Amino acid sequence: MAMGKKAVFLDRDGTLIVDMDYLSDPDGVQLIDGAAEAVRRLSAAGYLIVMVSNQSGVARGMFTEREVRAVNRRVYSLLEQAGAHLDGDYYCPHYPKGTVPRYSIQCDCRKPAPGMGLRAAAELDIDLGRSCMIGDKSADVEFGKNCGMKNAVLVRTGHGMDQELDGGYGMIAADIRQAAELILQAGEEE
Ligand SMILES: [Mg+2]
Ligand SMILES: [Zn+2]
């Protein structure tokens, strides 16, 4: 049996870009310091890079999926300008207590549920057991765990200052640059 690819999954807001609280304007996209370098280094080490983002603002009626995609395109282009490449991105527009009926559901893709990871694994031929998650919320770390990922890193940017790890799973890093460093070090020890 052929082995799937390894990937690093990245949260968007507060991890890859500065958290602007329900960002809907591409002009508000600002990469976190070291994000492009982190993506470049992880790609060079053979990881696919996949962005996974909860965008409950859609269910809350604050912006549309079209606007989410416009913001995500800006993330791609700012990274590309810095020589870094995303291999895919997924977002969850749902929220059970939203105001837009078709999005106000209990879905299987809002992190920490594993839906986006499972979908990426199937579409991009990823072996989740060789993969890692980086995010600024405990829900991101839980997502990694629920996907069966090898590891997850909680970064202290964005909402990360007041988040905690629960149990023995996950590591903590100052930011995405240091998170990439931890993942690369752990990879070398195998
Ligand atoms: Mg976040
Ligand atoms: Zn969802």
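Report on the accompanying structure. (Residues numbered from 1 in each chain as written. Chains lettered and ligands numbered in written order. Predicted model: local features only at pLDDT ≥ 70, side-chain atom pairs only at ≥ 80, totals over all residues. Heavy atoms only, no water.)

## Here's the deal with the coordination of the zinc ion (ligand 2)
Around the zinc ion (ligand 2), the donor atoms from the protein are Cys 92 (SG), His 94 (ND1), Cys 107 (SG) and Cys 109 (SG), and they sit 2.0 to 2.3 Å away. In this structure, the zinc ion (ligand 2) is coordinated by four donor atoms arranged in tetrahedral fashion, with angles at the metal of 102 to 117 degrees. Note on Cys 92: relative accessible area 0%, which makes it buried. Classification of Cys 107 as buried rests on a relative accessible area of 17%. (Donors = N, O, S within 2.8 Å, 3.2 Å for Na, K, Ca; no water. Tetrahedral: all angles 85-135°; square planar, octahedral: opposite > 155°, others 65-115°. Buried < 20%, exposed > 50% of the residue type's maximum accessible area, 1.4 Å probe, protein only.)

## A closer look at the layout of surface pockets
One number sums up the size of the largest pocket: a volume of about 400 Å³. Surrounding the largest pocket, 18 residues form its lining, Asp 13, Asp 19, Asn 54, Ser 56 and Lys 137 being those nearest its centre. Across the lining of the largest pocket, the residue classes tally to two nonpolar, six polar and 10 charged. Lining of the second largest pocket is provided by 13 residues; of these, Glu 65, Asp 89, Tyr 90, Tyr 91 and Arg 119 occupy positions nearest its centre. Counting residues per element, the ones that place at least two in the lining of the second largest pocket are α2 (65-81), β3 (88-92) and α3 (115-124). Top element by residues in the lining of the second largest pocket is α2. It accounts for five residues. (1 Å grid on protein atoms, 1.4 Å probe; cavity = no way out; pocket = protein on both sides within 12 Å on 5 of 7 lines; lining within 4 Å. Points joined across faces, edges and corners; volume = space filled by probe spheres on them. Nonpolar A, V, L, I, M, F, W, Y, C, P; charged D, E, K, R; others polar. Helix = DSSP H or I, 4+ residues; strand = E, 2+ residues; numbered from the N terminus.)

## Topic: the pairing of β3
The two faces of the sheet receive side chains in turn, since in a regular strand these alternate between them. Among the five residues of β3, four are classified as buried, and the element is accordingly described as predominantly covered. Bridge count between strand β2 (residues 48-54) and β3: five bridges; the pairing is parallel. When the sheet's bridge partners are listed, Asn 54 is paired in β3 with Cys 92. As a crossover connection, the stretch from β2 through α2 into β3 is right-handed. (Pairing = 2+ DSSP bridges. Right-handed = clockwise from strand over helix to strand, strands pointing away.)

## Observations concerning the environment of Cys 107
Of note, Cys 107 is situated in the loop between β3 and α3. Distance from Cys 107 to Ala 121, taken between C-alpha atoms, is 18 Å for residues 14 residues apart in sequence. In contact with Cys 107, not counting residues within four places along its chain, are Cys 92 and His 94. (Contact = heavy atoms within 4.5 Å.)

## Points about helix α4 (residues 138-146)
Turning to α4, its buried residues number three or more, namely Asp 140, Val 141, Phe 143 and Gly 144. All buried residues of α4 fall inside an arc of 155 degrees around its axis, so they share one side. (Arc of directions from axis to C-beta.)

## Regarding the coordination of the magnesium ion (ligand 1)
Coordination of the magnesium ion (ligand 1) by the protein involves Asp 11 (OD), Asp 13 (O) and Asp 136 (OD), with metal-donor separations of 2.2 Å. Each donor residue of the magnesium ion (ligand 1) lies on one chain, and together they are spaced D-x1-D-x122-D. Highlighted residues: Asp 13 in the loop between β1 (7-10) and α1 (35-44) and Asp 136 in the loop between β4 (132-135) and α4, separated in sequence by 123 residues. The same class applies to Asp 13 as to Asp 136, namely buried.

## Points about α1
Listed as buried for α1 are Ala 35, Ala 36, Ala 38, Val 39 and Leu 42. The buried side chains of α1 occupy one side of the element, clustering within an arc of 160 degrees when seen end-on. Where the residues of α1 are buried, they touch β1, β2, α2, β4 and α5 (176-188). Once α1 finishes, Gly 46 follows within two positions and takes phi at roughly 100 degrees, a positive value.

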